[in-house]
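Observations on the model geometry
Single-letter residue listing:
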Amino acid sequence: MGSLPNETISGEEYQQQQLDLENSGRAERAQWLINSPEPPSLWQELVSAVRGSVFPNGRKKSSSTKGRHAMSFLEGLFPILSWGRTYKASKFKDDLMAGLTLASLCIPQSIGYANLAKLDPQYGLYTSVVPPLIYALMGSSREIAIGPVAVVSMLISSMVPNMVDPAADPIAYTRLVFTVTFFAGTFQALFGMFRLGFLVDFLSHAAIVGFMAGAAIVIGLQQLKGLFGMSHFTAKTDVVSVLGSVFKSVRHEWYPLNFVLGCSFLVFLLVARFIGRRNKKLFWFPAIAPLLSVIISTLIVYLTKADKHGVKIVKHIKGGLNPSSLHQLQFKGPHVAETAKIGLIAAVVALTEAIAVGRSFASIKGYHLDGNKEMMAMGFMNLAGSLTSCYVATGSFSRTAVNFSAGCQTVVSNIVMAITVLLALELFTRLLFYTPVAILASIILSALPGLIDINEAYYIWKVDKLDFLACLGAFVGVLFASVEIGLLAAVTISFAKILLNSIRPAVELLGRLPRTDIFCEVDQYPMAIKTPGILILRVNSGLLCFANANFLRERIMRCVTEENETDETAKDRVQILIIDMSNVMNIDTSGIVALEELHNKMVSLGIKLAMVNLRWQVIHKLKLAKFVEKIGTEWIFLTVAEAVDACVAYKLVSTSNC
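Just so it is clear, the model here is predicted, and its values are computed rather than measured.

**Some details on the sheet that holds strand β9 (residues 608-612)**
Spatial ordering of the open sheet is given by β4-β3-β5-β7-β9-β10, a layout of 6 strands whose pairing is mixed. The open sheet has two free edges, formed respectively by β4 (519-521) and β10 (636-637), since each of these has just one partner strand. Running over the sheet, helix α23 (residues 549-566) touches β3 (506-512), β5 (534-540) and β7 (576-580) and is turned about 155° from β5.

As structure tokens, this is what we get:
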């Protein structure tokens, strides 16, 4: 009982000890931030990125051998070496059926897409042989079906004829297409090697939706040439020119039999598509419907001699293995720069479609698809294709959906499809002599509804109006101008959106949520409480740089001025400014200069400046610039709550001293 008189003194000492412990703990945590090690240099990050691509499973320094390094490298480059060791016969049965089903759809579509690209029919079949085989070795998607696609075919037919007229000089035109394919493969491979996948992301999802819809309409209108059996047709792709050409040609030359034959089988194909969607067990019916259409229509034309009555037919299709096209690549002459530009555009469009298709089906199956590996696989398959008489190949959504529905297990289905197409080239091309061109047009037309996604466009409109503007820009540009203008409009609008968010980032006023140590935006959480005399602001930008540094400095100064104008009493005026830098990942010299000018202005106004949660690169550069020394290490904090507590204590000490 004799210790009772000392309880009050012990309590005060205990509170002081707790306060000292809290202050020392806060100072220690601030030192963790200030004394963090140097971040990796730009060169180290680049080397690490390349090593991550080459050695996807990491490099174990202790026990790994050169042999394991080599195996890791090969498995990263050729995923088939990894999953091929566990491949079973039961999987091959599924892949065999899927591959055969895929081939039945691929053969007529490939001929139609070659016709769309203004190439001879065999080049579409060649493109369904070599690229799928290369992708099977290097690709990581299990479901994607490789081959020619409508959008890339249309892109080639709209841009390459600006250099050489395919009707006047088909050989020179074909050579330029092979050269475009070579450049496309080169760009795709480089994107993958140097992990430049973000470049493809500049073509946003909204832009792709608009671009695909516009391209589908343009492709559909171009098929009217085959559907009506016209000989003279515009080389332009905009809707005004195409419709004008249609109305002009219809008055002088068109053959009703072509139209009747094409429309009849178009109805059949659309009905087959509808039946396949209604009954999932009949997925094979819309897959074989194009091949059935080709076989039946060819028999009709052959037996009725309809080609003598105005029905346009395919005529000769060169058979046999893919011939080498190495000697046809053109790296000299006046068109090299233009072919490289078209190759770049084709590479980006093809990659965007393939990765979008691959990732959508990978998410259904529950595995991850590495975009950079896909780029390398696409690049090498198109490089190989350019040397073997193929044009730009990519993943097809319609054929991938058929492959998935047919129960494919691995990319072996692509190998089965390629071998089947190769057999068709060797054995059956002569049988396609009487295939009507109108049927190829109807096959392409039947595949186009899948490219137009009205529901997705409406969803984009509801969620983000700026995104919808990019979607609309791509759609209108492709429809009324050209493929180039449509892509340029979409990328420009997307860039404008990025720039708008980057150069005019928000500065949020923070307050403490009641009964917590959580600080949130006062605008979003009206119940958040502001601390008198302390202004807490958060910079909502990932980069503090030359583009936004002056804007942010002026915006912060305006917030300080407005806060002082609204506070009537002197004690509520801003005495301490806390800037939460949690969102700022990096800073450049312009950003540092802006912070120094802000600090000088605060000093002239008698306001202390505190910085919170400076990220690794930011704190490193601020230390190099000696900015941390200028404001004092005691004004650097790890969290907003700690900064507020320290500032409140500082105010109390300052008030008691006064």
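**Describing unusual backbone geometry**
Positive phi, normally seen in glycine, also occurs at Lys118, with a value near 65°. Here Lys118 is to be found in the loop between α5 (89-116) and α6 (121-127). Among the residues examined, Lys118 registers a relative accessible area of 31% and is labelled partly exposed. For Ser389, which is not glycine, the phi dihedral falls at a positive 65°.

**Examining the state of the cysteines**
The tally for this structure, following the rule as stated, stands at 0 disulfides. No disulfide involves Cys408; its sulfur sits 14 Å from the nearest other cysteine sulfur, which is in Cys106. Just so you know, Cys559 is unpaired, no disulfide at all, and the nearest cysteine sulfur is the one on Cys647, 17 Å from it.

**A look at the side chain of Ser442**
With respect to the helices, strands and loops of the structure, Ser442 is situated in helix α19 (residues 437-447). When its relative accessible area of 0% is taken as the criterion, Ser442 is described as buried. Filtering out sequence-adjacent residues up to four positions away, Ser442 remains in contact with Gly262, Phe265, Leu266 and Leu269.

**Brief notes about the pattern of salt bridges**
For the coordinates displayed, the defined rule picks out 13 salt bridges. Glu75 serves as the salt-bridge partner of Arg85, at 2.7 Å between the closest nitrogen and oxygen. Separated by 10 residues along the polypeptide, Arg85 in the loop between α4 (80-83) and α5 and Glu75 in helix α3 (residues 66-77) bring together distant segments of the chain. Of the residues examined, Arg85 reaches a relative accessible area of 59% and is grouped as exposed. The shortest N-O distance in the salt bridge between Arg512 and Asp645 comes to 3.6 Å. Here the residue Arg512 occupies a position in strand β3, and Asp645 occupies one in helix α27 (residues 640-657), the gap between them amounting to 133 residues. On the accessibility criterion, Asp645 (29% relative accessible area) is partly exposed. Here the salt bridges do not stand alone but share partners, grouping Glu338, Lys341 and Glu484 into one network.

**Examining the pairing of β3**
The side chains of a regular strand alternate, residue by residue, between the two faces of the sheet. Within β3, 5 of the 7 residues are buried, which leaves it mostly tucked inside the rest of the structure. Alignment of β3 against β5, held across 4 bridges, turns out to be antiparallel. Within β5, the residue paired with Ala506 across the bridge is Asn540. The pairing of β3 with β4 spans 3 bridges and is classified as antiparallel.

**Observations concerning the side chain of Ser582**
Of note, Ser582 is situated in the loop between β7 and β8 (586-587). Here the side chain of Ser582 touches Asp580 through a polar contact of 2.5 Å, side chain to side chain. Within the structure, the side chain of Ser582 is placed 3.1 Å from the side chain of Asn613, a separation counted as a polar contact. Not counting the four nearest positions on each side in its chain, Ser582 is found in contact with Val612, Asn613 and Arg615.

**Quick notes on the packing of α5 against α19**
Running from N to C, α5 and α19 point in directions that differ by 100°, and their axes come no closer than 9 Å. What the angle tells us is that α5 and α19 run roughly perpendicular. Packed against α5, whose contacting residues are Pro108, Gln109, Ile111, Gly112, Tyr113, Asn115 and Leu116, the element α19 presents Val437, Leu440, Ile443, Ile444 and Ala447 at the interface.

**Regarding the nonpolar core**
Among the nonpolar cores identified, the biggest contains 113 residues, and Tyr135, Leu155, Ile156, Val160, Phe211 and Met378 are the most heavily contacted of them. The dominant element in this core, judged by the number of residues it contributes, is helix α15 (residues 336-365), at 12 residues. If we ignore the near neighbours within four places in the chain, the residues touching Tyr135 are Ser140, Ser141, Ile144, Ile146, Glu374, Ala377, Met378, Met381 and Val411. Counting 35 residues, the second-largest nonpolar core is a separate cluster that includes Leu33, Leu537, Val584 and Met611.

**Considering the confidence of the model for the protein chain**
Scored by pLDDT, the protein chain comes out at a mean of 88, with 92% of its residues at no less than 70. Within the model, pLDDT remains below 50 along residues 1-9, and this stretch shows 0 contacts once partners closer than five positions in the same chain are excluded.

**A short note on the environment of Arg573**
Relative to the helices and strands, Arg573 resides in the loop between α23 and β7. Taking relative accessible area as the criterion, Arg573 reaches 38% and is therefore assigned partly exposed. Spatially, the C-alpha atoms of Arg573 and Ser654 are 15 Å apart, while their sequence positions differ by 81 residues. One polar contact links the side chain of Arg573 to the main-chain carbonyl oxygen of Asn564, over a distance of 3.5 Å.

**Concerning the environment of Phe397**
Mapped onto the secondary structure, Phe397 falls in helix α17 (residues 397-405). According to the relative accessible area criterion, Phe397 is partly exposed, its value standing at 43%. Considering only alpha carbons, one finds Phe397 and Ile144, 253 residues apart in sequence, at a separation of 7.9 Å. Once you skip the residues sitting within four places of it in the chain, Phe397 turns out to touch Glu353, Val357, Ser360 and Phe361.

**Brief notes about helix α25 (residues 616-624)**
Among the residues of α25, Gln617, Val618, Ile619, His620 and Leu622 are the ones counted as buried. Just downstream of α25, Lys626 is the residue with a positive phi angle, here 60°.

**Considerations on a nonpolar patch on the surface**
A surface patch of nonpolar side chains, amounting to about 600 Å² of accessible area, comprises Val240, Leu466, Leu469, Leu472, Val476, Phe480 and Leu500. No other element matches the 5 residues that helix α21 (residues 465-480) contributes to the nonpolar patch. Here Phe480 lies in helix α21. Phe480 sits in the partly exposed class, given a relative accessible area of 48%.

**Brief notes about the packing of helix α20 (residues 454-463) against α21**
It is the contact of α20 with α21, at a shortest axis distance of 6 Å, that shows an interaxial angle of 140°. Between α20 and α21, the angle is such that the two are oblique. The residues of α21 that touch α20, namely those facing Ala457, Ile460, Trp461, Lys462 and Val463, are Lys465, Asp467 and Phe468. When grouped by side-chain class, the residues that make up the contact of α20 with α21 number 5 nonpolar, no polar and 3 charged.

**Notes on the pairing of β5**
The element β5 is largely enclosed, with a buried count of 6 among its 7 residues. Judged from the 5 bridges that link them, β5 and β7 form a sheet pairing that is parallel. Across the sheet, residue Ile534 finds its bridge partner in β7, namely Ile576.

Rules behind the numbers
Residues numbered from 1 in each chain as written. Predicted model: local features only at pLDDT ≥ 70, side-chain atom pairs only at ≥ 80, totals over all residues. Heavy atoms only, no water. Pairing = 2+ DSSP bridges. Helix = DSSP H or I, 4+ residues; strand = E, 2+ residues; numbered from the N terminus. Contact = heavy atoms within 4.5 Å. Axes fitted to C-alpha atoms, helices over the stretch in contact; angles between N-to-C directions. Buried < 20%, exposed > 50% of the residue type's maximum accessible area, 1.4 Å probe, protein only. Disulfide = S-S within 2.5 Å. Salt bridge = Lys/Arg side-chain N within 4 Å of Asp/Glu carboxyl O. Polar contact = N/O pair within 3.5 Å; in protein donor to acceptor, adjacent residues only side chain to side chain. Parallel < 35°, antiparallel > 145°, perpendicular 65-115°, else oblique. Core = buried A, V, L, I, M, F, W, Y, C linked by side-chain atoms within 4.5 Å. pLDDT = per-residue confidence, 0-100. Patch = residues over 30% accessible without salt bridge, like charges linked within 9 Å, V, L, I, M, F, W, Y side chains within 5 Å. Areas by Shrake-Rupley, 256 points an atom, 1.4 Å probe, with all protein chains shown as cover. Nonpolar A, V, L, I, M, F, W, Y, C, P; charged D, E, K, R; others polar.

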